[in-house]
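# Residue-level structural notes
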Amino acid sequence: AKADDIFRNLIHEAEKAGIREEVQILKTGCFGFCEQGPIVKVLPDESFYVQVKPDDAKEIVAEHLVKGREVPRLLYDKSLSMSRTGLEDIEFYQKQFRIVLRNCGFINPDDINEYIARDGYAALEKVLFEMSPEDVLEELKKSKLRGRGGAGFPTWMKWKFTKDVDESEKYIACNADEGDPGAYMDRSTLEGDPHSILEAMTIAGRTVGASKGYIYIRAEYPLAIKRLKTAMQQARDMNLLGDDILGSGFNFDIEIRLGAGAFVCGEETALIASLEGERGMPRVRPPFPAVQGIWGKPTVINNVETWANIPVIITRGGEWFSKIGTEGSTGTKVFALTGKINNSGLVEVPMGTTLREIIFDIGGGIKDGKKFKAAQTGGPSGGVLKDDFLDTPIDYDNLIKLGSMMGSGGLIVMDEDDCMVDVAKFYLGFCVDESCGKCAPCRVGGKTMYDILDKITKGQGEMEDLEKLETIGAAMKRASLCGLGQTAPNPTLSTIKYFIDEYKAHIEDKK
Ligand code: SF4
């Protein structure tokens, strides 16, 4: 989007205008408002310039920075001028509540001091000098935080399993192998706030008795990798990573391991195999990684979003966190809102927010005034939600009841023109491509289901194919070894359940 050119031009223009020494021109992580990017924010005026182009740099410097006059044509909302107080005045952000994305867009991720200035590393300090490992677990338990990677397992329990194993060598791992189509929550968090992940992993190391952590990240995320490396070096330089952290006697360091883009490596046992240098294939559980993980040692694995919540829970308290969201799903959830939506972007909302609020209030409704048809949550592991469910509060349990799941947070919106059989075929095709082939239910079942869907979309389907799809799908869910095969039928099964007419139309009309 030429953001780098804008950045360079702003510096160049500021130099030309002789004000380079008076202004700081900084890069930040993502503001989340992707539809309106690139964004330039001028502080302290809070001016929020959107869809900025490289040539606009000249006017921003000449008018705003030199003469103190906003450039109205670039403002997102012309009624919001310098008197504004912040993002909360912009509709897109009004129903959002930022915990995970608290620093994204607000700090320069390459500067540890900016992270520290916003309470960064305060939680680690507290854990090192004021809290026992039991206190940390108690705080996590009170928070009721559940893993954001998809399954929603209570985080404190995972940590406790690892802590309770009598073993001198333990590991901490960050799953940054985000692979759902349309999902980019973890990438943005790592690019915008890398220190929050390092801090959280160090806290976990201290709590469970591990001195080494791994971040498993896909090689397709070069900027996130670069920022993580910079952050790790800065943390080491300030003794926030490494030996005898802040004189506490606790040693902990982190290593980055690159994944080669296999979707199945997001499954934690496959991730461990890949990290150990083996082919990335899931392993039979139990034993679970919390007890027998990396190199056969007890390992805490959480995904990026889960980690990003930890420092805030420690500084603000588990009870504070537990009051956000719903009884069974506390805190917030980050969604990558994409598809036929006016404001595509990254949104963070309290659990329990309805689909209607996300799509219409935050997302600004459906593109080109078309009618909403369905939303896909949970990527290829999830299912579709039709308009009847627009007012259902979104949390782990409700989504499962509706035949979908939270997954990692991809939310793809479809309009009246989208064919739901094509949607099901797309997601199943993705899973067939990504299946590691280790177990027959997924390897054979997925391909068989895909061939049937293909037949139906080509107008060659029979009515009994629908029953076959349901039977094979149910068998895959029961018998596949890992989450990929267990959830791959979800989009097909949920579209059959809610959009059976579209399947019948293909079959009856032979097209
Ligand atoms: Fe591999 Fe699929 Fe079996 Fe998982 S379910 S182990 S991806 S073949």
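For the structure, see preceding data.
Residues numbered from 1 in each chain as written. Predicted model: local features only at pLDDT ≥ 70, side-chain atom pairs only at ≥ 80, totals over all residues.

As a further point, take the pairing of strand E4 (residues 212-218). Where burial is concerned, most of E4 is hidden: seven out of the seven residues are buried. Residues Lys212, Tyr214, Tyr216 and Arg218 line one face of E4 and the alternating positions Gly213, Ile215 and Ile217 line the opposite face, and both faces are buried. Note that strand E3 (residues 171-176) and E4 share six bridges and pair parallel. Note on E4: the bridge partner recorded for Asn175 is Tyr216. Where E4 and strand E5 (residues 253-259) come together, seven bridges link them in parallel fashion. Looking at the pairing, Lys212 lines up with Asp253 of E5. (Buried ≥ 20, exposed ≤ 12 C-beta atoms within 10 Å, placed from the backbone. Helix = DSSP H or I, 4+ residues; strand = E, 2+ residues; numbered from the N terminus. Pairing = 2+ DSSP bridges.)

Attention now goes to helix H21 (residues 500-509). The set of residues buried in H21 consists of Glu502, Tyr503, His506 and Ile507. What you see down the axis of H21 is that its buried residues fit within an arc of 135 degrees, all on one side. When the buried face of H21 is taken as reference, the exposed residues oriented beyond 90 degrees from it are Ile500, Asp501, Glu508 and Asp509. Looking at the buried side of H21, the elements it contacts are helix H16 (420-434), helix H17 (440-457), helix H18 (464-479) and helix H20 (490-498). Directly after H21, the chain includes Lys510, whose backbone phi takes a positive value near 55 degrees. (Arc of directions from axis to C-beta. Contact = placed C-beta atoms within 7 Å.)

Here we take up unusual backbone geometry. Note the cis peptide between Leu43 and Pro44, where omega equals 5 degrees. A cis amide bond, omega 5 degrees, links Pro286 with the succeeding residue Pro287. Among the structural elements, Pro287 can be located in the loop between helix H11 (268-275) and strand E6 (299-303). Within the chain, Gln51 stands out as a residue other than glycine whose phi angle is a positive 45 degrees. Relative to the helices and strands, Gln51 is located in the loop between strand E2 (47-49) and helix H2 (56-67). Its 13 C-beta neighbours within 10 Å are what place Gln51 among the partly exposed residues.

Where strands meet in a sheet, backbone hydrogen bonds hold them as pairs that are either parallel or antiparallel. Pairing is parallel across the open sheet formed by four strands, whose spatial order is E5-E4-E3-E6. Either end of the sheet is taken by a strand with one partner, and the two such strands are E5 and E6. For this sheet, the mean inter-axis angle between neighbouring strands, taken without regard to orientation, is 20 degrees. In this structure, E3 lies alongside E6, joined through five bridges in parallel fashion. In the sheet register, Asn175 faces E6, and the bridge partner there is Asn303. (Axes fitted to C-alpha atoms, helices over the stretch in contact; angles between N-to-C directions.)

Close to the ligand lie 14 residues, the nearest being Cys436, Cys439, Cys442, Cys482 and Gly485. Put simply, the parts of the chain that give the shell around the ligand at least two residues each are H17 and helix H19 (483-487). (Near = placed C-beta within 6 Å.)

By themselves, these observations are geometric and do not establish any function.
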